[in-house]
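Here are the chains, one letter per residue:
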Amino acid sequence: MRNLIILATFCATSAQADSFDRPIPQAQSATAEFWYALACIALVAAMVAVQQLVSRR
């Protein structure tokens, strides 16, 4: 029984997983930055339009 415990301990320590390597984020492309800027401008324009629509009532 003691040999079985020693064997199980040896197998458990040798089968440990590797450490987690965090992924490195990539830089955004110029196209992605353009579409993000366009979406931000569209959002601000929509908020201004809603504000004007609500303030008229």
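Residues numbered from 1 in each chain as written. Predicted model: local features only at pLDDT ≥ 70, side-chain atom pairs only at ≥ 80, totals over all residues. Heavy atoms only, no water.

A separate point is the overall build of the protein. Each helix and strand counted, the protein has 2 helices and 0 strands in total. By element, 66% of the accessible surface of the protein is carried by carbon and sulfur atoms, the whole surface being about 6,000 Å². (Helix = DSSP H or I, 4+ residues; strand = E, 2+ residues; numbered from the N terminus. Areas by Shrake-Rupley, 256 points an atom, 1.4 Å probe, with all protein chains shown as cover.)

Further remarks concern the packing of aromatic side chains. Within the structure shown, the criterion is met by 1 aromatic pair. Seen from their ring centres, F34 and W35 are 5.2 Å apart, and the 70° between their planes marks the pair as edge-to-face. By relative accessible area, W35 is classed as exposed at 52%. (Phe/Tyr/Trp six-rings, centres within 6.5 Å; stacked < 30°, edge-to-face > 60°. Buried < 20%, exposed > 50% of the residue type's maximum accessible area, 1.4 Å probe, protein only.)

A cluster of nonpolar side chains, F34, W35 and L38, forms an exposed patch at the surface whose accessible area comes to about 350 Å². Assignment of secondary structure puts L38 in helix 2 (residues 30-56). (Patch = residues over 30% accessible without salt bridge, like charges linked within 9 Å, V, L, I, M, F, W, Y side chains within 5 Å. Salt bridge = Lys/Arg side-chain N within 4 Å of Asp/Glu carboxyl O.)

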